[in-house]
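Read off the chains here:
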Amino acid sequence: MLTHALSSPVVDNKRPMTKAVFKWATVGAVLLLALYLTVALYVQNQIAFALLFLVVIGSAAYIFSSPKAYAHRYIYPSIAGMVVFIIFPLLYTVGIGFTNYSASNLLSQERVLEQLLSQRFQTGEERYDFKLYPTDDKFVMRLESPAGQSWASAPFSFSELQNSALAVAPVEQAAPDTQPLGIKDVIKLKEDLKSLSVNLEGGASLSLAGLRNFAPMQSLYGLRDDGSLVNQQTGVVYAPNQDIGFYEGPQGETLSPGWTVTIGWDNYVQVVTDSSIRGPFIEIFVWTLAFATMTVLFTLAVGLVLANILQWDQLKGKGFYRMMLILPYAVPAFISILVFKGLFNQNFGEINLVLENLFGVRPDWFSDPALARTMILIVNTWLGYPYMMLLCMGLLQAIPRDLYEASAMDGATPLDNLFRITLPQIIKPLMPLLIASFAFNFNNFVLIALLTGGAPDIIGATTPAGTTDLLVSYTYRIAFQDSGQNFGLAAAIATAIFILVGSLSLINLKLSKIKV
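Residues numbered from 1 in each chain as written. Predicted model: local features only at pLDDT ≥ 70, side-chain atom pairs only at ≥ 80, totals over all residues. Heavy atoms only, no water.

### What to know about the nonpolar core
Phase 1: Within the largest apolar cluster, 43 residues are counted, with the highest numbers of intra-cluster contacts made by Leu430, Phe442, Tyr474 and Ile493.
Phase 2: Residue assignment for this core shows that the elements contributing at least two residues are α10 (275-310), α14 (369-397), α16 (414-442), α18 (471-480) and α19 (487-511).
Phase 3: No other element matches the 10 residues that α10 contributes to this core.
Phase 4: Aside from chain neighbours lying at most four places away, what touches Leu430 is Leu300, Leu391, Cys392 and Leu395.
Phase 5: In this structure, Tyr128, Trp151, Val198 and Leu200 belong to the second largest nonpolar core, which totals 22 residues. (Core = buried A, V, L, I, M, F, W, Y, C linked by side-chain atoms within 4.5 Å. Buried < 20%, exposed > 50% of the residue type's maximum accessible area, 1.4 Å probe, protein only. Helix = DSSP H or I, 4+ residues; strand = E, 2+ residues; numbered from the N terminus. Contact = heavy atoms within 4.5 Å.)

### So, a nonpolar patch on the surface
Phase 1: A cluster of nonpolar side chains, namely Leu35, Val39, Tyr42, Val43, Ile47 and Leu51, defines an oily patch on the protein surface of about 610 Å² accessible area.
Phase 2: Those elements that place two or more of their residues in the nonpolar patch are α2 (14-43) and α3 (47-65).
Phase 3: Sort the elements by how many residues they give to the nonpolar patch and α2 lands first, with four residues.
Phase 4: Secondary-structure assignment places Tyr42 in helix α2. (Patch = residues over 30% accessible without salt bridge, like charges linked within 9 Å, V, L, I, M, F, W, Y side chains within 5 Å. Areas by Shrake-Rupley, 256 points an atom, 1.4 Å probe, with all protein chains shown as cover. Salt bridge = Lys/Arg side-chain N within 4 Å of Asp/Glu carboxyl O.)

### Some thoughts on the sheet that holds strand β14 (residues 254-255)
Phase 1: Strand order across the open sheet formed by five strands is β10-β11-β12-β13-β14, with antiparallel pairing between neighbours. Each edge of the sheet is formed by a strand with only one pairing partner; in this case those strands are β10 (221-223) and β14.
Phase 2: Each of β10, β11 (229-231), β12 (237-241), β13 (246-248) and β14 touches helix α5 (residues 109-117); the most contacted strand, β10, lies at about 130° to it. (Pairing = 2+ DSSP bridges. Axes fitted to C-alpha atoms, helices over the stretch in contact; angles between N-to-C directions.)

### A word on α14
For an α-helix the count is 3.6 residues per turn, leaving residues at separations of three or four pointing the same way.
Phase 1: Taking 1.5 Å per residue as the helical rise, α14 with its 29 residues ought to reach 42 Å, and the 42 Å between its terminal C-alpha atoms agrees with that figure.
Phase 2: At Gly384, α14 shows its strongest bend, of approximately 40°, with the proline Pro386 following within four residues.
Phase 3: Sitting at the head of α14, Asp368 places a side-chain oxygen 3.2 Å from the backbone nitrogen of Ala370. (Expected span 1.5 Å × (residues − 1). Bend = angle between axes of the 7 residues up to and from the residue. Polar contact = N/O pair within 3.5 Å; in protein donor to acceptor, adjacent residues only side chain to side chain.)

### A word on α16
Phase 1: Between its first and last C-alpha atoms α16 spans 33 Å; for 29 residues at 1.5 Å apiece the expected length is 42 Å, and the helix comes up short by more than 12%.
Phase 2: At Ile427, α16 is deflected by roughly 55°, the largest bend along its length, and proline Pro429 occurs up to four residues later in sequence.

### Considering the environment of Pro400
Phase 1: Considering the arrangement of structural elements, one finds Pro400 in the loop between α14 and α15 (401-409).
Phase 2: Sequence-wise, Pro400 and Ile376 are 24 residues apart; in three dimensions their C-alpha atoms are separated by 38 Å.

### Examining unusual backbone geometry
Most peptide bonds take the trans configuration, and most residues that are not glycine carry a negative phi.
Phase 1: Cis rather than trans, the peptide bond between Ser256 and Pro257 has omega equal to 5°.
Phase 2: Residue position: Pro257 is located in the loop between β14 and β15 (258-259).
Phase 3: The phi torsion at Asp136 lies on the positive side, around 55°, for a residue other than glycine.
Phase 4: Along the chain, Asp136 turns up in the loop between β3 (128-135) and β4 (138-144).

### Side note on the packing of aromatic side chains
Phase 1: What the rule picks out here adds up to 27 aromatic pairs.
Phase 2: With centroids separated by 5.4 Å and ring planes inclined at 85°, the aromatic side chains of Phe156 and Phe158 adopt a geometry described as edge-to-face. There is no split in this pair, since Phe156 and Phe158 are both buried.
Phase 3: Here Tyr329 and Tyr387 contribute two aromatic rings whose centre-to-centre distance is 6.2 Å and whose plane-to-plane angle is 35°, an arrangement assigned as tilted. (Phe/Tyr/Trp six-rings, centres within 6.5 Å; stacked < 30°, edge-to-face > 60°.)

### Observations concerning the layout of surface pockets
Phase 1: Taken as a whole, the largest pocket encloses approximately 740 Å³ of empty space.
Phase 2: What lines the largest pocket is a set of 23 residues, among which Asn308, Tyr404, Pro414, Asn417 and Thr422 lie closest to the centre.
Phase 3: When contributions to the lining of the largest pocket are tallied by element, the ones reaching two or more residues are α10, α14, α15 and α16.
Phase 4: At seven residues, the largest contribution of residues to the lining of the largest pocket is made by α10.
Phase 5: The residue makeup of the lining of the largest pocket, split by class, is 15 nonpolar, five polar and three charged.
Phase 6: One number sums up the size of the second largest pocket: a volume of about 630 Å³.
Phase 7: Those elements that place two or more of their residues in the lining of the second largest pocket are α3, α4 (76-96), β1 (105-107) and α5.
Phase 8: When grouped by side-chain class, the residues that make up the lining of the second largest pocket number nine nonpolar, eight polar and one charged. (1 Å grid on protein atoms, 1.4 Å probe; cavity = no way out; pocket = protein on both sides within 12 Å on 5 of 7 lines; lining within 4 Å. Points joined across faces, edges and corners; volume = space filled by probe spheres on them. Nonpolar A, V, L, I, M, F, W, Y, C, P; charged D, E, K, R; others polar.)

### Things to note about the pattern of salt bridges
When their charged atoms lie close together, side chains carrying opposite charge are able to pair.
Phase 1: Under the defined criterion, the tally for this structure stands at five salt bridges.
Phase 2: We note a salt bridge from Glu160 to Lys138, for which the minimum N-O separation is 3.5 Å. Of this pair, Glu160 sits in helix α6 (residues 158-161) while Lys138 sits in strand β4, and the two are 22 residues apart along the sequence.
Phase 3: When the shortest N-O distance is used, the salt bridge between Arg477 and Asp469 registers 2.7 Å.
Phase 4: Asp469 gets classed as buried once you look at its relative accessible area, which sits at 0%.

### Examining the side chain of Thr422
Phase 1: Tracing the backbone shows Thr422 in helix α16.
Phase 2: There is a polar contact of 2.7 Å between the side chain of Thr422 and the side chain of Tyr404.

### What about the packing of α10 against α14?
Phase 1: Remark: α10 packs on α14, axes separated minimally by 6 Å, with the N-to-C direction vectors making an angle of 45°. It follows from the interaxial angle that α10 and α14 lie oblique. Between α10 and α14 lies a crossing of right-handed hand.
Phase 2: Partitioned by chemical class, the residues of the contact of α10 with α14 number 18 nonpolar, seven polar and two charged. (Parallel < 35°, antiparallel > 145°, perpendicular 65-115°, else oblique. Left-handed = near helix turned anticlockwise from the far one by under 90°.)

### Brief notes about the pairing of β4
Phase 1: Among the seven residues that make up β4, five are buried, leaving the element largely enclosed by the rest of the structure.
Phase 2: Where β3 and β4 come together, seven bridges link them in antiparallel fashion. By the bridge assignment for β4, Thr135 is matched with Lys138.
Phase 3: Between β3 and β4, which follow one another and run antiparallel, lie two residues, and Asp136 among them has a positive phi close to 55°.
Phase 4: As paired elements, β4 and strand β5 (residues 150-153) share three bridges and run antiparallel to each other.

Rendered as structure tokens:
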């Protein structure tokens, strides 16, 4: 029995303990790093991103360290990606739609106040030209008044002054032999010079007024005890208005920039009630629906016809024709769009040259709204028909040949075969793909951006809006282009687009008989 005990293997408990220590040390390091980054984002006033980062990293640490959540670790990366790249941007966009976030209301109120208090105005008429002369590791400043009087400072360094005043005294001697700093070197020291106050001996206090001179300067706005600002040049008082996010004067005048505030449903109400926005929005919405619908119909018609022709038994060289007809699908869309943009050029495009020689007309493809929309449909049909042709070719193979043989015995025409056999057989499996194509073209931003840019513009619109704009390009122009940059209004419209596209997706799922 003793021999059996001595021969039994000794259980090594160090390996599980080492593995556990390593696991929890890794989890702790990740959590500490996540906590540091979360605090850094919070300090930068990025509260939403800090919460997102904390939730994602915290849930990841729990799932990958807890035995109870072992099964979830395989699906967690996709869930985390959905949260970070879909759900969070969506919620963030919806939140922006309830604010006045725009190019003029971009900062926080603290940053706005800091920027307004930094503005200055010149209190005297005289400006004093200055030059900086390097002396070892220091500088000597010389000032000269318009009357020719000169002042000079003792050697100084900006770090030694620490925002204290620099004293200068009248001098009679000539300038030092060393060359003064050039304009490029002065620009490098601009921030230091802006914080520098120069005191004339027995005179005024000067501040930087330009890259070449100092002048008597004073803060343009003063902060009062009640939080309002007073213009020290005119005496007008501006009170903070939290409803609009601006400092507002007694006559309703505002100071720019403003800050971001919550305005509720104002952006959504503006789309509905403001005629200068409602009119272009409705026009663009109707055109977007028409564009997506007609694109699906045209591409389906062309693709189905070509697919039937390629199924024709008497056609020779099917492989060659099939390859040539699929080429538009193989070429990157942006290249084809730019090629068509050149072909439709009013003055030098080949299409207008042919039309002029044949019929004596030169259509204004880019300036006439109807022709511009027609051009867009032509180009998009060219880009989309190969996809529909491939789908139809596959679906046609599944139709029993007996149906066509029986139809031929009854004396049916090709149109009868198309509407009585082909379409009823392929429309059901094709319908979800048609809806997906509709949803894609509903947001076909690349085509509009590269071909027309939304032009020609809608007359009378207060927001950047064009007759060929889709809702997605209209939203982009409001947010980032032209004189718009109204991010709150663009977010409200983007939310509406999401609801529309989401509804189309639900219809797609219902038609596909997928339980949601």
